[in-house]
Amino acid sequence: MGNNLNQSFEITRVFNAPRELVFKAWTELEHFAKWWGPKGFTLEVVKMDAQSGGALLGFQTSPDGNLVMWRKFEYQEVVDPEKVTYIQSFSDEQGNTIRAPFSTSWPLEILNIITFEDSKGKTVLKLKGYPMNASAEEQESYTVMAPKLQQDLEGTFDKLADYLVFLS
């Protein structure tokens, strides 16, 4: 698998919740569907098998209901409660990889590596994303979209923080 590790995206967030709980929020369907995705978007999960070799298939709907985006995760490595690695793609309803609805040059596959570290009862979550097998144009698209990606992930992590308070 060709990874260009120069063109990565990283974000770190500290959650006021135990590591086991944050890990469950990422790997258990009844939790994940309640918070994942940009603010205002809803997520419907069709299937989720968050273990090494498993997959997730679901779709997000925009706040106005006009945009529906199917997503899939192919889990590469899931180590409870330390790490979740998955390849994320846009897909059709059958889970076939397709181009992103917002860009013809967005990479088809993004490798995400998430680590969960215990810090005195809180959790330090680090997410690193890398375009996989990307052309120069796709790399460029990923780099240009990084600030928007950061904003969407901040919103997603805000939703997770709120959800963790609800769970505690």
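Below: a short report on this structure. Along each chain, residues carry numbers from 1 onward, in the same order as the chain's sequence is written. A pLDDT threshold of at least 70 governs which residues receive local features in this predicted model, and a stricter bar of 80 or more applies before side-chain atom pairs are shown or counted, although totals over entire chains, interfaces and linings include all residues. Each side-chain value is worked out from all heavy atoms of the structure, with water and hydrogens disregarded.

1. Details of a negative patch on the surface
Rule in force here: Each patch groups residues whose relative accessible area exceeds 30% and which form no salt bridge, using 9 Å between like charges and 5 Å between nonpolar side chains of Val, Leu, Ile, Met, Phe, Trp and Tyr. Here, Shrake-Rupley sampling with a 1.4 Å probe gives the accessible areas, and only protein chains in the shown set may cover a residue. Basic side-chain nitrogens of Lys or Arg form a salt bridge, by our definition, when they fall within 4 Å of a carboxyl oxygen of Asp or Glu. For the purpose of charge, His is not counted, nor are the chain termini; Lys and Arg are scored as positive and Asp and Glu as negative. In this description, the location of a charge corresponds to atom NZ of lysine, CZ of arginine, CG of aspartate or CD of glutamate. Secondary structure counts use DSSP, requiring at least four H or I residues in a row for a helix and at least two E residues in a row for a strand, with both numbered from the N terminus. Think of it in three bands: with a 1.4 Å probe and only protein chains considered, a residue is buried below 20% of the maximum accessible area for its type, exposed above 50%, and partly exposed in between.
There is a patch of like negative charges on the surface, built from Glu20, Asp80, Glu82 and Asp118. You can see Asp80 is positioned in the loop between strand E4 (68-79) and strand E5 (83-91). A residue is classified by how much of its surface remains accessible, and Asp80, at 58% relative accessible area, is exposed.

2. Structural notes on helix H3 (residues 136-167)
To be explicit about the condition: Helix span is expected to be 1.5 Å times the residue number reduced by one. For a residue, the bend is simply the angle between two axes, fitted respectively to the seven-residue segment ending there and the seven-residue segment starting there. Contacts: residue pairs with any heavy atoms within 4.5 Å of one another.
Between its terminal C-alpha atoms H3 stretches 43 Å, which fits the 46 Å expected from 32 residues at 1.5 Å a residue. Maximum bend of H3: about 55 degrees, positioned at Ala146, with proline Pro147 one to four residues after it. Residues Glu138, Gln139, Ser141, Tyr142, Leu153, Gly155, Thr156, Phe157, Lys159, Leu160, Tyr163 and Leu164 constitute the buried set of H3. Residues of H3 that are buried in the fold lie against strand E1 (9-15), helix H1 (19-27), helix H2 (29-32), strand E7 (109-119) and strand E8 (122-132).

3. What to know about the nonpolar core
One recurring pattern in soluble globular proteins is that nonpolar side chains are buried together. To keep things clear, this is the line we draw: Note on terminology: a nonpolar core comprises buried Ala, Val, Leu, Ile, Met, Phe, Trp, Tyr and Cys residues joined through side-chain atoms within 4.5 Å.
Core analysis: the largest hydrophobic core is formed by 37 residues, its most contacted members being Trp26, Phe32, Tyr75 and Leu125. Taken together, the elements giving at least two residues each to this core come down to E1, H1, strand E2 (42-48), E4, E5, E7, E8 and H3. At six residues, the largest contribution of residues to this core is made by H3. Filtering out sequence-adjacent residues up to four positions away, Leu125 remains in contact with Ile11, Thr12, Arg13, Phe15, Val22, Trp26, Ile114, Thr115, Phe116 and Phe157.

4. Remarks on the pattern of salt bridges
The full count for this structure, using the stated rule, is seven salt bridges. For the salt bridge of Lys39 with Asp158, the shortest nitrogen-to-oxygen distance reads 3.0 Å. In this pair, Lys39 is assigned in the loop between H2 and E2 and Asp158 in helix H3, connecting sequence segments 119 residues apart. Here the residues in one salt-bridge network are Arg13, Lys39, Glu154 and Asp158, joined through shared partners.

5. Points about the packing of aromatic side chains
Quick note on the threshold: Note on aromatic contacts: the rings of Phe and Tyr and the six-membered ring of Trp form a pair at centre separations within 6.5 Å, being stacked when their planes are under 30 degrees apart, edge-to-face when over 60 apart, and tilted otherwise.
Tallying each qualifying case throughout the model produces 17 aromatic pairs. Where Phe32 meets Trp35, the ring centres are 5.5 Å apart and the plane angle is 75 degrees; that geometry is what we call edge-to-face. Of the two residues examined, Phe32 and Trp35, each falls in the buried class. Taking 5.4 Å as the distance between ring centres and 40 degrees as the angle between the ring planes, the aromatic pair formed by Trp106 and Tyr142 counts as tilted. With Trp106 in the loop between strand E6 (97-98) and E7 and Tyr142 in helix H3, this residue pair connects regions lying 36 residues apart in the sequence. For the pair shown, Trp106 and Tyr142 are each scored as buried. Aromatic rings pair up to connect Phe15, Trp26, Phe32, Trp35, Trp36, Phe73, Tyr75, Tyr86 and Phe157 into one cluster.

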